[in-house]
Amino acid sequence: MDHIENDEQFQGLSVNKGTSEQPTINPYLNSFKKFKRKTYSVSEYVDGIRKGNISILGQAVTLIESSKPEHQSIAQEVIEKCLPYTGDSVRIGITGVPGAGKSTSIDAFGMHILKKNNKLAVLAIDPSSELTKGSILGDKTRMERLSVEKNAFIRPSPSAGSLGGVARKTRETIILCEAAGFDRIIIETVGVGQSETAVHSMVDFFLLIQLAGTGDELQGIKRGIMEMADGIVINKADGNNIEKSRLAQSHFKNALHLFPLPESGWVPKVLTYSGYYEIGIDEVWNMIDEYIAFVKENGYFEHKRNDQSRYWMYETINERLKNNFYNNTVIQKELGVCEEQVLNSQISSFAAANKVLDIYQKISK
Ligand code: GDP
């Protein structure tokens, strides 16, 4: 075939002889079957996890994330058997808006943690992951150094379901990671919305990453998020950003003075650091160690963990009740009918709700 691109006038462009088109069906596909993942029994999962086998741990987490009832029942058994081996850890929540430098910082914090002979699991809660399939947070490629370390386990956000469901799965994953010997757990989330509350309810220390702005950096930060923070750190305090970061630091310190002393008795600290240039990483980590020692001493550590266990019990009950209700086909039909009646002003919203709930009570007896 003649290629016009090869003409003198298109000098610099040439068409090479190509290779023949590959068949779309891979003739070797059948032979791959033997590589199919082995499935394990509950005790094999538990043994593997206890021995710190990362691949078995990863597969068990996949079961937690699965919505199939048969996977869920194995997962629940594995979790229960792992439970006695958990708790001896430090759980840290890290939040900050996209671009604040969470992954760069976690990579740096993580390397610091590993140097101290700790084992680190990085999990994520990403409320947007239903759309992005969990690729925004916890992605291995975002933590280049950590991802090749054998004492680090990185897992992106579970992607399916409501925030409550996603958070519960992460809470359960913590249990497996701790049973596998990971004694430092980082839970990462984006600082935009409800997910901080979920993260706060499963960690010992909550770290808020901020950036120095133009002097009005306190704008746009929800008061609730600042109140949850046990430490606020201003990232990118490097180069000609150092002065601005110090200014932001004093703004945050002043703002924190306006809040009442948290229940823990710990006065949140504000530090500046640079995740990228690894300036001030020690100080950030010393602050966390100091906090843990402080709350272990005054009993708040234990108190908060108990509160969290209670919270997750009720969260799980609520989630299951809600799922059972809304997934019931009789209820789904009834809801459709009632909704229409409400919209046509034939029945009040409250009467409609009570009617559907009564039906549910009857059919679930
Ligand atoms: P994330 O979205 O919060 O996870 O943020 P990333 O860690 O992906 O960082 C966002 C951008 O900020 C990247 O281009 C990083 O290279 C840059 N960055 C992160 N930390 C620092 C830092 O300490 N100093 C400077 N100058 N840039 C940083």
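Residues numbered from 1 in each chain as written. Predicted model: local features only at pLDDT ≥ 70, side-chain atom pairs only at ≥ 80, totals over all residues. Heavy atoms only, no water.

1. Considering the site of the ligand
Thought 1: Contacts to the ligand come from 15 residues, most closely from Gly99, Lys102, Thr104, Arg142 and Asp238.
Thought 2: Separating an oxygen atom of the ligand from a backbone N or O atom of Gly101 is a distance of 2.9 Å.
Thought 3: One of the side-chain N or O atoms of Ser274 is found 3.1 Å from an oxygen atom in the ligand.
Thought 4: In isolation the ligand has 580 Å² of accessible area, and contact with the protein removes 69% of it.
Thought 5: With three residues, the top contributor of residues to the shell around the ligand is helix 4 (residues 102-115).
Thought 6: For the shell around the ligand, the class distribution of residues is four nonpolar, seven polar and four charged. (Near = heavy atom within 4 Å. Polar contact = N/O pair within 3.5 Å; in protein donor to acceptor, adjacent residues only side chain to side chain. Areas by Shrake-Rupley, 256 points an atom, 1.4 Å probe, with all protein chains shown as cover. Helix = DSSP H or I, 4+ residues; strand = E, 2+ residues; numbered from the N terminus. Nonpolar A, V, L, I, M, F, W, Y, C, P; charged D, E, K, R; others polar.)

2. Structural notes on the sheet that holds strand 7 (residues 269-272)
Thought 1: Across the sheet, which stays open at both edges, the seven strands sit in the order 3-2-4-1-5-6-7 with parallel pairing between neighbours. The sheet terminates laterally at strand 3 (152-154) and strand 7, the two strands that pair on one side only. Going across the sheet, the axis of each strand differs from the next one's by a mean of 20°, ignoring polarity.
Thought 2: Bridge analysis of strand 1 (residues 90-96) against strand 5 (residues 205-211) gives four bridges, and the strand direction is parallel. Looking across to strand 5, one finds that Ile94 is bridged to Leu207. (Pairing = 2+ DSSP bridges. Axes fitted to C-alpha atoms, helices over the stretch in contact; angles between N-to-C directions.)

3. Thoughts on the packing of aromatic side chains
Thought 1: Scanning all chains against the criterion turns up 11 aromatic pairs.
Thought 2: Centre to centre, the rings of Trp266 and Tyr291 are 5.3 Å apart; their planes meet at 90°, and the pair counts as edge-to-face. With Trp266 in the loop between helix 9 (242-257) and strand 7 and Tyr291 in helix 10 (residues 281-298), this residue pair connects regions lying 25 residues apart in the sequence. Here Trp266 matches Tyr291 in class, with each residue buried.
Thought 3: Pairing Tyr276 with Tyr277 gives two aromatic rings, centres 4.9 Å apart and planes at 75°, and the pair type is edge-to-face. Of the two residues, Tyr276 and Tyr277, neither departs from the other in class, the shared state being exposed.
Thought 4: Here the aromatic residues Phe205, Trp266, Tyr291 and Phe294 are joined through ring pairs into a cluster of three or more.
Thought 5: Lys119 extends its terminal NZ or CZ atom over the ring of Phe182, reaching a point 4.5 Å from the ring centre.
Thought 6: Positioned above the aromatic ring of Phe301, the side-chain terminus of Lys296 is 4.8 Å from the ring centre. (Phe/Tyr/Trp six-rings, centres within 6.5 Å; stacked < 30°, edge-to-face > 60°. Buried < 20%, exposed > 50% of the residue type's maximum accessible area, 1.4 Å probe, protein only. Lys NZ or Arg CZ within 6 Å of the ring centre and 35° of its normal.)

4. Quick notes on the pairing of strand 7
Thought 1: As judged from the four bridges shared by strand 6 (residues 231-235) and strand 7, these two strands associate in the parallel manner. Each residue of the ladder has a partner; that of Val233, found in strand 7, is Leu271.
Thought 2: Considered for its hand, the β-α-β crossover made up of strand 6, helix 9 and strand 7 is right-handed. (Right-handed = clockwise from strand over helix to strand, strands pointing away.)

5. Side note on the pattern of salt bridges
Thought 1: For the structure on display, the rule yields 13 salt bridges.
Thought 2: With a shortest N-O distance of 3.9 Å, Lys81 and Glu77 are connected by a salt bridge. Note that Lys81 and Glu77 are positioned in helix 3 (residues 69-82) at a spacing of four residues, about one turn of the helix.
Thought 3: The class of Lys81 is partly exposed, set by a relative accessible area of 44%.
Thought 4: Judged by relative accessible area, Glu77 falls into the partly exposed class, the value being 40%.
Thought 5: If you follow the salt bridges from partner to partner, you end up with Asp107, Arg145 and Glu278 in one network. (Salt bridge = Lys/Arg side-chain N within 4 Å of Asp/Glu carboxyl O.)

6. Observations regarding the pairing of strand 2 (residues 120-125)
Thought 1: Counted residue by residue, strand 2 has six buried out of six residues, so it is predominantly covered.
Thought 2: Residues Leu120, Val122 and Ala124 line one face of strand 2 and the alternating positions Ala121, Leu123 and Ile125 line the opposite face, and both faces are buried.
Thought 3: Pairing of strand 2 with strand 3 involves three bridges; the strand directions are parallel. By the bridge assignment, Val122 is partnered in strand 3 with Ile154.
Thought 4: As judged from the six bridges shared by strand 2 and strand 4 (residues 184-190), these two strands associate in the parallel manner. The residue bridging Val122 from the neighbouring strand is Ile186, located in strand 4.

7. Describing the confidence of the model for the protein chain
Thought 1: Confidence in the prediction for the protein chain averages 86 pLDDT; 82% of positions are at 70 or higher.
Thought 2: Confidence scores differ between elements of the protein chain, with helix 5 (residues 129-132) showing the lowest mean pLDDT of 53 and helix 10 the highest of 97. (pLDDT = per-residue confidence, 0-100.)

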